[in-house]
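Below are the chains, spelled out letter by letter.
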Protein chains: 2
Amino acid sequence: MAVKRADAQRSIAAILQAAVDALSRDPDASVSEIAKVAGVGRVTVYGHFPNRADLVDAALAHAIEQAHPGLDDVDLTGDPGAALTRLIESSWQLVDRSRSLLIAAQNVLPPSRILDLHAAPAERVRKLVERGRDEGAFRTDLPTEWLVGVLHSVMHHAADELNAGRLESGQAAGYIAVTVLAAFSPISG
Amino acid sequence: MAVKRADAQRSIAAILQAAVDALSRDPDASVSEIAKVAGVGRVTVYGHFPNRADLVDAALAHAIEQAHPGLDDVDLTGDPGAALTRLIESSWQLVDRSRSLLIAAQNVLPPSRILDLHAAPAERVRKLVERGRDEGAFRTDLPTEWLVGVLHSVMHHAADELNAGRLESGQAAGYIAVTVLAAFSPISG
DNA sequence: AGCAACTCAAACACTGGTGTTCAATTTACG
DNA sequence: CGTAAATTGAACACCAGTGTTTGAGTTGCT
């Protein structure tokens, strides 16, 4: 299987993108649904991915890989609070879109695999928070991991509120930033 | 069907409790599993609940009803921050235990029904936050609903961290309280 | 004691998913 | 152009769940 033929490569790309789309809507999306979205026969999917779990794995990896370049453009220098606000602004929708996909992955992949796939993007955030702590902009009476988790948690909450129609798309990033910055501030702010 | 016989009542109680337990572990728990936990035949379950959805509904209602008295004991008067801390202390584990059950309910019940079942306990928290805002203890530049949601979100995050072994059971309530109080504080604290 | 209510295992039909095989057709590529 | 690769729907076996029926056995109630 030295090199795939061009139509095979096209199929694989379509299936991968379809898997990301379908699983982002419904973490339990069946192989049939994914095939339909990809505009491809179900058998073709099994021709390229041995089983559903491997397909989900590939889809998650694909989504993360796609997200990387966009996030690399964010300026994380300067005032940590402002940097965090910029990061939130450009990543919270992305994090949300991946959420359903992540659930799909958690249902079929071992936790260690999930952790591996997320290592790179998670590290970026951790670094920024670390720097904020070092420079006295963020509190140090709580572990870095906890603060990062709270950030994620609040972003997901905003996504939920948006989905439920209780929050306008334009407000969300501001709400998240204002909330998290307060939560991250040193005590005698 | 005026009055159930004693053994029927016993069965129903066992099934209800088993449903709460099983669904709190796995939101996809099958009727068979629930029956097994209840120490009862699967057919007996169908004898008392027409289908799985109705059973999940009853289980959620049961769990909420059980939780009520314990939470009614919490003193919500005095300094809003302190009151919130007390409420967190005595309710965050409870909220977590219900989370998986809530997911089960969301999978089979209409959103309106979920909202109905949660109305009473949710109101208690909303009231406290409202009072905190009125008294100047909590910020008013964000909607009450948002603040309440952030509280929930951070509690769930703590539960996740606990499950993942990254947080000690004793620390959790403190982490939540310290984080949320900071997030709730008026800007020029 | 006797009857109705209850319990339960076994068997059934049904649904919806996974993963495989096959034979026919289309398509890329040298 | 010819061949090997790729795609396809149809059919298949399999599994796990839901919900029902049956018939025999047990248990509460009066």
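Residues numbered from 1 in each chain as written. Chains lettered and ligands numbered in written order. Predicted model: local features only at pLDDT ≥ 70, side-chain atom pairs only at ≥ 80, totals over all residues. Heavy atoms only, no water.

(A) Structural detail: the protein's contact with DNA strand C. DNA strand C sits among 23 residues. The nearest are A:Arg10, A:Arg52, B:Arg5, B:Ser11 and B:His48. Close to the protein, within 4 Å, the atoms of DNA strand C are drawn from sugar and phosphate at a rate of 66%. Take A:Ala6: an N or O atom from its main chain is 3.2 Å from a phosphate oxygen of DNA strand C. Contact distances for DNA strand C include 3.4 Å between a phosphate oxygen and a backbone N or O atom of A:Val31. Where the surface near DNA strand C is concerned, the elements lending two or more residues are helix 1 (6–25) and helix 3 (42–48) of chain A together with helix 1 (6–25) and helix 3 (42–48) of chain B. No other element matches helix 3 of chain B, which puts 4 residues into the surface near DNA strand C. Grouping the amino acids of the surface near DNA strand C by side-chain chemistry returns 8 nonpolar, 6 polar and 9 charged. (Near = heavy atom within 4 Å. Polar contact = N/O pair within 3.5 Å; in protein donor to acceptor, adjacent residues only side chain to side chain. Helix = DSSP H or I, 4+ residues; strand = E, 2+ residues; numbered from the N terminus. Nonpolar A, V, L, I, M, F, W, Y, C, P; charged D, E, K, R; others polar.)

(B) Here's a closer look at a negative patch on the surface. A cluster of acidic side chains, namely A:Asp26, A:Asp28, A:Glu33, B:Asp26, B:Asp28 and B:Glu33, defines a negative patch on the protein surface. Mapped onto the secondary structure, B:Asp28 falls in the loop between helix 1 and helix 2 (31–38). Among the residues examined, B:Asp28 registers a relative accessible area of 55% and is labelled exposed. (Patch = residues over 30% accessible without salt bridge, like charges linked within 9 Å, V, L, I, M, F, W, Y side chains within 5 Å. Areas by Shrake-Rupley, 256 points an atom, 1.4 Å probe, with all protein chains shown as cover. Salt bridge = Lys/Arg side-chain N within 4 Å of Asp/Glu carboxyl O. Lys, Arg positive; Asp, Glu negative; His and termini not counted. Charge placed at Lys NZ, Arg CZ, Asp CG, Glu CD. Buried < 20%, exposed > 50% of the residue type's maximum accessible area, 1.4 Å probe, protein only.)

(C) Highlighting the relation of the copies chain A and chain B. Least-squares fitting of chain A to chain B yields an RMSD of 0.1 Å, with the transformation described by 0.0 Å of translation along the axis and a rotation of 180 degrees. The superposition of one copy onto the other is thereby described by a two-fold rotation axis. Residue A:Ala183, judged by its C-alpha, is the member of chain A lying nearest the rotation axis, at 2.1 Å. Most of the interface of chain A is mirrored in chain B, where 100% of its interface residues again form contacts. (Least-squares fit on C-alpha atoms with pLDDT ≥ 70 in both. Contact = heavy atoms within 4.5 Å.)

(D) Looking closely at the packing of aromatic side chains. Residue and element names in this part refer to chain A. Considering all chains together, one arrives at 4 aromatic pairs over all chains under this definition. On the numbers, 5.4 Å between centres and 75 degrees between planes, the contact of Phe138 with Phe184 is edge-to-face. One end of the pair, Phe138, is in the loop between helix 6 (111–134) and helix 7 (144–163); the other, Phe184, is in helix 8 (residues 169–184), and 46 residues separate them in sequence. Judged by its relative accessible area of 0%, Phe184 is buried. (Phe/Tyr/Trp six-rings, centres within 6.5 Å; stacked < 30°, edge-to-face > 60°.)

(E) Local environment of the protein's contact with DNA strand D. Close to DNA strand D lie 23 residues, the nearest being A:Arg5, A:Ser11, A:Gly41, A:Thr44 and A:His48. At a separation of 3.0 Å, a phosphate oxygen of DNA strand D approaches a polar side-chain atom of B:Arg10. For DNA strand D, a base nitrogen lies 2.9 Å from a polar atom in the side chain of B:Arg42. Looking at the surface near DNA strand D residue by residue, the class counts come to 8 nonpolar, 6 polar and 9 charged.

(F) Examining helix 7 (residues 144–163) of chain B more closely. Residues and elements named next belong to chain B. Taking 1.5 Å of rise per residue, the 20 residues of helix 7 would be expected to cover 28 Å, and the 29 Å separating its terminal C-alpha atoms lies within 8% of that figure. When you tally the buried positions in helix 7, you get 14 out of 20 residues, the bulk of the element. Once helix 7 finishes, Gly165 follows within two positions and takes phi at roughly 80 degrees, a positive value. (Expected span 1.5 Å × (residues − 1).)

(G) Layout of the environment of B:Pro143. Structurally, B:Pro143 is set in the loop between helix 6 (111–134) and helix 7. Exposure remark for B:Pro143: the relative accessible area of 32% places this residue in the partly exposed category. For the pair formed by B:Pro143 and B:His62, sequence separation is 81 residues and the distance between their alpha carbons is 31 Å. When neighbours within four sequence positions are excluded, B:Pro143 is seen to be in contact with A:Tyr175 and B:Arg133.

(H) How the structure looks around the interface of chain A and chain B. Facing the 18 residues of chain A at the interface are 18 residues of chain B. Taking both sides of the interface into account, the surface hidden between chain A and chain B amounts to around 1,700 Å²; carbon and sulfur atoms contribute 73%. When residues of chain A are sorted by the area they lose upon contact with chain B, A:Trp146, A:His157 and A:Tyr175 head the list and together hold 36% of the total. Where chain A touches chain B, the interface holds 0 salt bridges. Remark: the boundary between chain A and chain B carries 3 residue pairs in polar contact (both at pLDDT 80 or more). (Buried area = accessible area lost by both parts, 1.4 Å probe.)

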